[in-house]
Amino acid sequence: MKTKRLINNKIIALILGLILAAATLLTACSTGEIASVIATPDAGVFEKTDDTATEEPEYTVTQSPELDSDDVKTDFSETGSTTITLDGDAIEVSGSGAVVTGSTVTILQSGTYTLSGTLEEGQVIVNSEDEETVFLVLNGVSIHSSNSAAIYVLNADKTVISLAEGTENYLSDKDTHVFADTEDQEPDSVLFSEDDLVINGSGSLTVEANFLHGIVGKDDLTIVSGNIKVTAVSDG
């Protein structure tokens, strides 16, 4: 996989606009402004094409990427799935593969994890060394983190976030972050992934970024389907 620099809100706006083949070009935001992106995209994979650029990195958009069965999987059953219920500042796990520490749940194994409820202050971390895919089914969640990413994929071969049919899902952060990686100053977005990230499903996802970026994928970021809205304060 190619190593990629951060995808900031300006690039997300441009890429999603290209995927939708919009007739009107999206205008990039200036420093400190609020940018809003609303998209119901066709499948697209974003890949950085210039590893040495000191200016804004360039990305290519493939509107019809090669998708495997994991990328398009949306038919999840409760059998064999680990259920994660969010309730205020409490988290309850029913099944295997995930551990709770305070208001943080860490997913340590591949498999399917169905999340529902509201986490007023906390985080979902994916840290799996398995070679198989981690599936996060967002089944009506609201997750807020005041000092980091609401969902942080630290390590995984691939993570698929599936937006369950008929659900509305919300992710948000605050205007300060405590970096897990101080050298690279990461994570600096609401939804952050070090590895391959796929978003699919027919539900909706609203991302409100008060620190900097909305969605950052440092490897391939593939949007197969879903109603996605990103509102971010960007340095771009």
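None of these values were measured; they are calculated from a predicted model.

Participant: Mind showing me how you'd approach the overall build of the chain here?
Facilitator: The number of helices and strands found in the chain is two helices and 19 strands. Counting over 236 residues, the chain shows a buried share of 49%. Considering only intrachain contacts with a sequence separation of at least 6, the fraction spanning at least 24 residues in the chain is 66%. Accessible surface for the chain amounts to roughly 10800 Å². Of this, 45% is attributable to carbon and sulfur atoms.

Participant: I'm lost on the nonpolar core in this one. Help?
Facilitator: The biggest cluster of nonpolar side chains holds 36 residues, and the ones touching the most others in it are Ile84, Ile107, Leu136 and Ile143. A total of five residues in this core trace back to one element, the largest contributor, which is strand β10 (residues 134-145). Every residue in contact with Ile143, bar those within four places of it in the chain, is listed here: Leu86, Leu119, Gly122, Val124, Ala150, Ile151, Tyr170, Leu171 and Ser172. In terms of nonpolar packing, the next biggest core, distinct from the first, is built from five residues, Ile125, Ala149, Tyr152 and Val216 among them.

Participant: How should I be thinking about the pattern of salt bridges in this particular structure?
Facilitator: Two side chains with opposite charge may pair up if their charged atoms get near one another. Scanning the entire structure with this criterion turns up three salt bridges. Between Asp68 and Lys158 there is a salt bridge; the shortest N-O distance is 2.8 Å. Here Asp68, found in the loop between β3 (59-62) and α2 (69-72), pairs with Lys158, found in strand β12 (residues 158-163); they are 90 residues apart in sequence, far enough to count as distant. Note on Asp68: relative accessible area 34%, which makes it partly exposed. Its relative accessible area of 11% is what places Lys158 among the buried residues.

Participant: Is there a simple way to explain a negative patch on the surface in this structure?
Facilitator: On the surface, a cluster of negative charge is contributed by Asp87, Asp89, Glu92 and Glu120. Along the chain, the position of Asp89 falls in the loop between β4 (82-88) and β5 (90-94). Of the residues examined, Asp89 reaches a relative accessible area of 57% and is grouped as exposed.

Participant: What should I look at first to understand the sheet that holds strand β6 (residues 98-101) in this one?
Facilitator: Within a sheet, neighbouring strands are paired by backbone hydrogen bonds and run either parallel or antiparallel to one another. Taking strand neighbours across the sheet as the criterion, the six strands line up as β6-β7-β9-β11-β14-β17 in an open arrangement whose pairing is mixed. Since the sheet does not close on itself, it has two edges, and those belong to β6 and β17 (213-217), each with one partner. Each adjacent strand pair in this sheet contributes to an overall mean axis angle of 15°, direction not counted. Both β6 and strand β7 (residues 104-107) contribute to a ladder of four bridges, which runs antiparallel. Across the sheet, Ala98 pairs through a bridge with Ile107, a residue of β7.

What counts and what doesn't
- Residues numbered from 1 in each chain as written.
- Predicted model: local features only at pLDDT ≥ 70, side-chain atom pairs only at ≥ 80, totals over all residues.
- Heavy atoms only, no water.
- Helix = DSSP H or I, 4+ residues; strand = E, 2+ residues; numbered from the N terminus.
- Buried < 20%, exposed > 50% of the residue type's maximum accessible area, 1.4 Å probe, protein only.
- Contact = heavy atoms within 4.5 Å.
- Areas by Shrake-Rupley, 256 points an atom, 1.4 Å probe, with all protein chains shown as cover.
- Core = buried A, V, L, I, M, F, W, Y, C linked by side-chain atoms within 4.5 Å.
- Salt bridge = Lys/Arg side-chain N within 4 Å of Asp/Glu carboxyl O.
- Patch = residues over 30% accessible without salt bridge, like charges linked within 9 Å, V, L, I, M, F, W, Y side chains within 5 Å.
- Lys, Arg positive; Asp, Glu negative; His and termini not counted.
- Charge placed at Lys NZ, Arg CZ, Asp CG, Glu CD.
- Pairing = 2+ DSSP bridges.
- Axes fitted to C-alpha atoms, helices over the stretch in contact; angles between N-to-C directions.

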